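# Results of the structural survey
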Amino acid sequence: MFDRLGRFVDRSPLFTALVWVVIVVGAATMITVGVDGRNLFDRLVTGEYSVPGSQSDAANVILRENSSTGETITLAVQGVAPSGDEVSSIVAQAHERLVDISGIESILDPFDAVDGTATDIAALFSAQDGQGFLVVATLHSNLTEADSAIVSDAVVASFQQAGNELEALEPGAAAFVGSGDLILAEITDQVKADLITGELVALPLALVMMVLVFGGLMAASMPLAGAIASILTGLGAMFALTFVMDIDASIINVATVLGLGLSIDYGLLVVSRFREELARFVRSQFPHLPTVRPRDLVDELTPAQRRQAVTHATVTTLSTAGRTVAFSAVTIALSIAGLIIFTPPVLRAIGAVGLIIVLLSVTTAMTLVPAVLRLAGMKTIGRSPVEKLPGVDRVMRYTADVEATEGVFSRLAGWVQRRAPFVVIGCVALLVFLASPVLDLQMRNSGIELLPTTATQRQFTDTLAQDFPQTRSADIQVVVDGSDIDAADLGQRIDTLSGVRSVVPPSPLGDYFVVGVLIDGDDPGSPQAAEVVREIRELESPANVLVTGQAASQVDFQGALGERLWLVVSVVVLSTMVLLFFMTGSLVIPIKALFTNVVSLGASLGILVWVFQDNHLSGILNFTSTGGIETFVVALVLAFGFGLAMDYEVFLLSRIKEFVDAGHDSEKAVRLGLQRSGRIITSAAGIIIIVFAGFVAGDLLVIKQVGFALAVAVFIDATIVRMLLVPATMTLLGRWNWWAPAPLAKLYNRFAIIH
């Protein structure tokens, strides 16, 4: 199959490239223009971490369906007392503008009080230090979505005008306009900004590093061409998915990170193998010149020899590296597809989008990149002006020498093999130590806390919490399907629970009653709040009781993960073992690969907890800890991290297996395989770390956590695991690396993926 694909690309490289151009242009049009007047960003949702069928989701549905009020928009003013003619005049003018807007149900502020200061309304809408106030506008609940947006924009504009006038009136004053829709819009805007930031940082640095790897701009740009094509096409596919499922805004950055990482990984392997095969062919034409580098002999080839060399390189690359890339993609796809098994829609969406990105990345690597290589031909190994730059020649000794069987990586493998027991003990001990913070992992489903403290809506909510604590909404909402007596009795018992600060008396909501619960402390998603949720749910009541709120959503989300975790792990582990077996013919190597991947991922998560949960490096990385790690980030890092680890495992094992099949003993095969694949693994890892680090430079906390965790995972896997632990364990196992029971060995001989 791969041989036929190679011959097709060799015969039709221009056609293949043009097909991709058409696909990419069409996808880019869908992303930016859309097909229904709304582009990709317009169709994304934000913060939808509900679990269908859970208590919190059912309660939220009841609250939403029985709500009798529309959207609430608030002007929060700091540093200005709600007194004085000028302040009163500015607010009165805002009132007049709002009255002229059809669709507003009510407008409240401390100036509405009879005496201006003494009433409950004045106290509710005035800052606790007297230097600030709120103006709250509530829209009619029966407005259509389009009309609500128009009215909302008009109210926001009026409030912003009043806020600017108040800030000009009092030095040091600050005014913020906030609402639920504005919070969601700012998170989406932050996603866009972080996407641009990540690409502006990652793409140029990745290109520079690949120039150093390949010694030329032409070869270096090919993996990036595949990355851009797979990302844009993937985002186009994501746009189509928004018509059948909700796609969270943060997934767009996740898709970009994954697309860049995998496309560069696969592109590097394909380009490197293409150059290696070209060099091998050139060497075969001049056996009498063994010391002359192939790139120096290119000009001596005839046109027919050049054409033959390119055809040989194209077909052989897809028959070898193409097969490895395809196998790697299948293992990653299975790992990411495991997310689809979970109940939460956000994880299913990540799994679906990730699966599409993986398939597109491998498709571009096996069609577009070889087609462009075929068109470039011998230029990919020719001399480049880049080689004349200071230091480039030294770098290329370790990266661009495609023929070397001895070098820094084979010497490293030899050093490891002589000290194999100590290397294994040292690596495992280090990884276990790095993983130890995972024991204190706290998972959260955050909302506004994901935005940086400098974001307008974050400042708005912080202002409410600091200056207007009396407006604090209930941390936990208990929906009671029963009588007012049942609700009152439940509220009294909740008030006695540890960790509860106060209970808001039951209020009617349609056929239900709602009991509000305020917890001790200022963190509605804390472990203490989660414990209160569990205790409320354990209380007996004659009525049907549903509990919701941030902590309740976290409890339900984590429960949904635990409920199907065993199934996801079983599917991923079993499929990975089967695929690795049919690749290597060994039952030992798949087990060893799973063990090394588990300790590697554990170390990555441990460092993530130490940094983001325990608030280390917050100054350097520019974030404010929420006291935990986002729940879906943990699931995502495990799935993506496992997939990327298997990626490098396949790269290394495929070369080792080639040398074993060629008749080399296990130790020598490990040295040769590490020498041939080590430069690709370390180069790809370095570039991917740069890509992920580019997204760490963004401001949205969830993307920062994902980028950091995956960068750490790749670094640990490409250094400690692939360069040290794998060669050491394979050395200790020796010929047992390739052991399998006789029945399985027969099965392998019949259906082996690599011979």
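The structure displayed is predicted, hence computed values, not measured ones. (Residues numbered from 1 in each chain as written. Predicted model: local features only at pLDDT ≥ 70, side-chain atom pairs only at ≥ 80, totals over all residues. Heavy atoms only, no water.)

### Details of the overall build of the protein chain
Filter applied, for reference: Helix and strand definitions follow DSSP, with helices as H or I runs of at least four residues and strands as E runs of at least two, each counted in order from the N terminus. Throughout, radius of gyration means the C-alpha value; the globule benchmark is 2.2 Å times the number of residues raised to the power 0.38. Pairs of residues are marked as contacts when any of their non-hydrogen atoms sit within 4.5 Å.
For the protein chain, the helix and strand inventory stands at 25 helices and 10 strands. Taken against the 2.2 N^0.38 rule, which gives 27 Å for 755 residues, the C-alpha radius of gyration of the protein chain at 30 Å falls within 12% of a compact globule. Overall, the C-alpha framework of the protein chain stretches about 105 × 50 × 40 Å when taken along its three principal axes. Considering only contacts in the protein chain between residues 6 or more positions apart, those separated by 24 or more positions represent 81%.

### Here's the deal with the pairing of strand β3 (residues 132-139)
Operational definition: Only protein chains enter the accessibility calculation, which uses a 1.4 Å probe. A residue is then buried if its area is under 20% of the maximum for its type, exposed if over 50%, and partly exposed in between. If DSSP finds at least two bridges between two strands, the strands pair.
Within β3, eight of the eight residues are buried, which leaves the element mostly enclosed by the surrounding structure. Judged by which residues are buried, β3 turns out to be covered on both faces: Gly 132, Leu 134, Val 136 and Thr 138 on one side and Phe 133, Val 135, Ala 137 and Leu 139 on the other are all buried. Note: strand β1 (residues 72-78) against β3, seven bridges, orientation antiparallel. Across the sheet, the residue bridging to Thr 74 is Val 136, located in β3.

### Description of helix α17 (residues 484-494)
Residue pairs three or four apart in sequence face the same way in an α-helix, which turns once every 3.6 residues. The test is simple: Directions from the helix axis toward the C-beta atoms define the arc.
Among all positions of α17, only Asp 486, Ala 487, Leu 490, Gly 491 and Ile 494 are buried. Around the axis of α17, the buried residues are gathered within 130° of arc, so they sit on the same side. Every exposed residue of α17 that faces more than 90 degrees away from the buried side is listed here: Ile 485 and Gln 492. Buried residues in α17 make contact with β6 (476-481), β7 (500-509), β8 (512-519), α18 (527-538) and β9 (544-549).

### What to know about the sheet that holds strand β2 (residues 104-108)
Heads up, the rule is: Here, axes are lines fitted to C-alpha atoms. For helices the fit covers the stretch in contact, and angles between N-to-C directions go from 0 to 180 degrees.
Overall, antiparallel pairing links the four strands, which are arranged β2-β3-β1-β4 in an open sheet. Strands with a single pairing partner mark the edges of an open sheet, and in this sheet they are β2 and β4 (174-178). Averaged over neighbouring strand pairs, the angle between their axes works out to 10° when direction is ignored. Pairing of β1 with β4 involves five bridges; the strand directions are antiparallel. Residue Val 77 lies in a different strand from β4, and its bridge partner there is Ala 175. Along the sheet, helix α6 (residues 145-169) contacts β1, β2, β3 and β4; its crossing angle with β1, the most-contacted strand, is approximately 10°.

### Considerations on the sheet that holds β8
As a general point, the strands of a sheet are linked pairwise by backbone hydrogen bonds and lie either parallel or antiparallel. Read from one edge of the open sheet, four strands run β7-β8-β6-β9, paired in antiparallel fashion. Each having just a single partner strand, β7 and β9 make up the two edges of the open sheet. Each strand axis lies, on average, 20° off the axis of its neighbour in the sheet, ignoring direction. Where β7 lies against β8, seven bridges are found, and the strand directions are antiparallel.

### Overview of the confidence of the model for the protein chain
Selection criterion: Summary of the metric used: pLDDT quantifies the predictor's per-residue confidence within the range 0 to 100.
Looking at the protein chain, pLDDT values average 85 and 94% of them are 70 or higher. Of all helices and strands in the protein chain, the one with the weakest mean pLDDT is helix α13 (residues 392-399) (52), whereas helix α15 (residues 420-435) scores best (94). This model gives residues 398-402 a pLDDT under 50, and the stretch forms 18 contacts once residues within four places in sequence are excluded.

### Quick look at the nonpolar core
What counts, and what does not: Grouping buried Ala, Val, Leu, Ile, Met, Phe, Trp, Tyr and Cys residues that are joined through side-chain atoms within 4.5 Å yields what is termed a nonpolar core.
Within the largest apolar cluster, 170 residues are counted, with the highest numbers of intra-cluster contacts made by Met 238, Tyr 266, Met 378, Phe 612, Phe 640, Phe 692 and Phe 708. The element best represented in this core is helix α24 (residues 701-733), accounting for 19 residues. Setting aside its immediate chain neighbours within four residues, Met 238 contacts Leu 40, Ile 247, Ile 251, Ile 252, Ala 255 and Val 353. One finds Ile 73, Val 87, Phe 133 and Val 155 within the second-largest nonpolar core, a separate group that totals 25 residues.

### Overview of the packing of aromatic side chains
Definition in use: Note on aromatic contacts: the rings of Phe and Tyr and the six-membered ring of Trp form a pair at centre separations within 6.5 Å, being stacked when their planes are under 30 degrees apart, edge-to-face when over 60 apart, and tilted otherwise.
This structure, assessed with the given rule, holds four aromatic pairs. With centroids separated by 5.4 Å and ring planes inclined at 85°, the aromatic side chains of Phe 239 and Phe 243 adopt a geometry described as edge-to-face. With relative accessibility at 2%, the residue Phe 239 sits in the buried group. Ring centres of Phe 612 and Phe 708 lie 5.4 Å apart, and the angle between their planes is 70°; on these two criteria the pair is classed as edge-to-face. Of this pair, Phe 612 sits in helix α20 (residues 588-613) while Phe 708 sits in helix α24, and the two are 96 residues apart along the sequence.

### Quick word on unusual backbone geometry
Phi is positive for Asn 615, close to 65°, though the residue is something other than glycine. Secondary-structure assignment places Asn 615 in the loop between α20 and α21 (618-621). For Asn 615, a relative accessible area of 39% translates into the label partly exposed. A positive phi is found at Leu 617, a non-glycine position, where the angle reads about 65°. Classification of Leu 617 as partly exposed rests on a relative accessible area of 37%.

### Examining the packing of helix α22 (residues 631-661) against α24
The cut-off we apply is this: If you view the pair so one helix is near and one far, a crossing is left-handed when the near helix is turned anticlockwise from the far one by less than a right angle, and right-handed when it is turned clockwise.
As a packed pair, α22 and α24 sit with axes 9 Å apart at the nearest point and diverge in direction by 35°. Between α22 and α24 the crossing geometry is right-handed.

### Quick word on the pattern of salt bridges
So the rule is basically this: Any Lys or Arg side-chain nitrogen located within 4 Å of an Asp or Glu carboxyl oxygen qualifies as a salt bridge.
Under the criterion given, the structure shown has 16 salt bridges. With a closest N to O distance of 2.7 Å, Asp 523 and Arg 444 form a salt bridge. With Asp 523 in the loop between β8 and α18 and Arg 444 in strand β5 (residues 443-444), this pair connects stretches of sequence that are 79 residues apart. In this structure Arg 444 comes out as buried when scored by relative accessible area, which is 3%. Among the salt bridges present, the one from Arg 537 reaches Asp 556, with a minimum N-O distance of 2.8 Å. Highlighted residues: Arg 537 in helix α18 and Asp 556 in helix α19 (residues 550-584), separated in sequence by 19 residues. Given a relative accessible area of 24%, Arg 537 falls into the partly exposed group. Owing to a relative accessible area of 11%, Asp 556 belongs among the buried residues under this scheme. Put simply, Arg 273, Glu 276, Glu 277, Arg 280 and Arg 655 are held in one network by salt bridges that share partners.

### What about the environment of Ala 157?
Locating Ala 157 in the fold gives a position in helix α6. Put simply, Ala 157 and Val 177 are 20 residues apart on the chain and 9.3 Å apart in space, counted from C-alpha to C-alpha.

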